[in-house]
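# Remarks on the overall topology
Chain by chain, the residues run as shown.
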Amino acid sequence: MSDIPSDLLKEILRRVPAEPLLRFRTVSKEWRRIIDDPSFVRIHADTQISSNTLLIKNSTTNTLLYSLNLDSLNHNESKQTIEVTAVKPFSRSGATDVPNLPAPSCHGLILNSHHYENNKAWVIWNPLTREFHELPQFKTKPGADSSLACLGIGYDSASDDFKVVRIDQLRSTNSTTTVHQTSIYRLKMNCWRMVKDCPYDFPGHRRPGVFLNGALHWKLENKIVVLVLGTEDYKEMPMPTNPPLPAKPGESVVPSLEALGGFLFMSYYYCKGNPMEGGQLMEGWVMNDYGVEKSWTKLFSFTEDFLLDVDVLTPIAYIKSKGLVILQNFDDFLLFDIRNNSAKMVTISGLPSDFYSQIMPQSLFRLRHSFAVDVKSKAAMKRARKRKRMGKPTIKPQTRVEHSVIIEKVRLFVDLNALAWSDDDYDDDDDDDDDDDEDDYY
């Protein structure tokens, strides 16, 4: 294991998904040092931007979360059974805290804004490590009628910091002028501060901002509003040049903006009346070159005849390397093959009958508070105090080298040498047999 050069080892490990990396921290001190290095965590997060891990929330119980690797879907089978992993929600004051999906997210961290409830503190949460950080209470400007218009979370690489953004509509009691106040919370500074007012109007707009390329994006009527987190300035971005338009009164087009597979993705749902009653046309567009208007490319167009056989489709993943778009159809998935212009409906056994979902890359970013850490620290402190009262020396835990770890080292050495000479996507199925409790690695 020591024969692998450090630079090569880092290059190999950055290709490995975050979940097995947590287990690999126990392989050796060198591996733990590399995986815990903040610079490695940042580089690893960039490689996971096209991750296809889906976070799923049961819409009936509202307290259960699952994760599903979309890469494990078999495109040739309409009904299949795939392992769905339970995700433990975090707890505060004995109460389980589960975010609504889709939620503001960035690099595997979720901002739980409690559906815009002002009396609850916002929380940044890492579903993989179960660590969380509670934001300080935001104080609105006194003497003004305030309402939250939109929000988002993103990462500023220039300051190496996560930023939470909220845009509030403010109307003074003695004025009819409406101001869109922009406030930014910096994780490192642990405080809110006001920046430049937003020059755009967000009427009734509460959809979270989409994070991509160091900026947050919001879809307005005929434009995409962008907040660059590095400069904290606003700008506009072009939309597709030929989207579908309403043909008659009472008909509408419902647009949606997402960041899928490392690209901006626009979908248009053309319908009569209520969108939940079915549509007449659905189009999906992707911006191949970020910020370039001419790079908008139409990936699919579903006509009314096709939409009669489905309910409401929601794009959830774009896998460019496979020419595949995955859409959710209530409790099923629609797999659309761009190259062959064909679609297949897939049913996954073991999923809830009704659920919400969003793509959520797993990350190693650490936050200040962890339920697992708190429990272990308190227990350790209690044991230390007891031994001190009894006059016994404090015993440091010994490092246990188990046979399973030794076997894993040998297996990893073989796998890593194979990975070193391949640029293909990795496959982490072999890691699923490790039943270690993830809490042991904090």
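## Things to note about the side chain of serine 267
Following the sequence through the fold, serine 267 ends up in strand S20 (residues 263-272). The residues touching serine 267, leaving out its near neighbours within four places in the chain, are Val254, Pro255, Ser256, Met282, Glu283, Gly284 and Pro315.

## Considerations on unusual backbone geometry
Backbone torsion omega between leucine 101 and proline 102 reads 0°, so that peptide bond is classified as cis. Locating proline 102 in the fold gives a position in the loop between strand S6 (95-97) and strand S7 (105-106). Not every positive phi belongs to a glycine, and histidine 107 is a case in point at roughly 50°. Here histidine 107 is to be found in the loop between S7 and strand S8 (109-112). Judged by its relative accessible area of 17%, histidine 107 falls in the buried class. Despite not being glycine, asparagine 341 shows a phi value in the positive range, around 55°. Counting through the fold element by element, asparagine 341 comes out in the loop between strand S25 (332-337) and strand S26 (342-349).

## Thoughts on the nonpolar core
Ranked by size, the top nonpolar core spans 52 residues in total, and within it Ile124, Val164, Phe202 and Trp218 carry the most contacts. Take this core: its biggest share by element is 6 residues, from strand S11 (residues 144-156). Contact partners of phenylalanine 202, with chain neighbours within four places excluded, come to Ala149, Cys150, Ile167, Gln169, His180, Trp218, Leu220 and Val225. With 19 residues, the next largest nonpolar core counts Leu73, Leu335, Phe355 and Ile359 among its residues.

## Considering the sheet that holds strand S4 (residues 85-87)
Ordered in space as S4-S2-S1-S27, the 4 strands form an open sheet in which the pairing is antiparallel. A single partner strand is all that each edge strand has here, and the edge strands are S4 and strand S27 (355-359). For this sheet, the mean inter-axis angle between neighbouring strands, taken without regard to orientation, is 30°.

## Section: the pattern of salt bridges
Applying the stated criterion to the full structure yields 15 salt bridges. The closest approach of N and O atoms between aspartate 36 and arginine 25, which form a salt bridge, is 2.8 Å. Residue aspartate 36 is located in helix H3 (residues 29-36), and its partner arginine 25 is located in the loop between helix H2 (18-24) and H3; the two are separated by 11 residues in the primary sequence. Using a relative accessible area of 33% as the deciding quantity, one classes aspartate 36 as partly exposed. With its nearest N and O atoms 2.8 Å apart, the salt bridge here joins arginine 42 to aspartate 160. Here the residue arginine 42 occupies a position in helix H4 (residues 38-47), and aspartate 160 occupies one in the loop between S11 and strand S12 (161-172), the gap between them amounting to 118 residues. Arginine 42 sits in the partly exposed class, given a relative accessible area of 28%. Under the relative-accessibility criterion, aspartate 160 is labelled partly exposed at 24%. Within this structure, Asp156, Lys163, Arg193 and Glu232 form a network of salt bridges that share partners.

## As for helix H1 (residues 6-13)
Every α-helix winds through 3.6 residues per turn, so residues three or four apart in the chain are directed the same way. Turning to H1, its buried residues number three or more, namely Leu9, Ile12 and Leu13. With its buried residues spanning 90° around the axis, H1 presents them on a single face.

Rules used throughout
Residues numbered from 1 in each chain as written. Predicted model: local features only at pLDDT ≥ 70, side-chain atom pairs only at ≥ 80, totals over all residues. Heavy atoms only, no water. Helix = DSSP H or I, 4+ residues; strand = E, 2+ residues; numbered from the N terminus. Contact = heavy atoms within 4.5 Å. Buried < 20%, exposed > 50% of the residue type's maximum accessible area, 1.4 Å probe, protein only. Core = buried A, V, L, I, M, F, W, Y, C linked by side-chain atoms within 4.5 Å. Pairing = 2+ DSSP bridges. Axes fitted to C-alpha atoms, helices over the stretch in contact; angles between N-to-C directions. Salt bridge = Lys/Arg side-chain N within 4 Å of Asp/Glu carboxyl O. Arc of directions from axis to C-beta.

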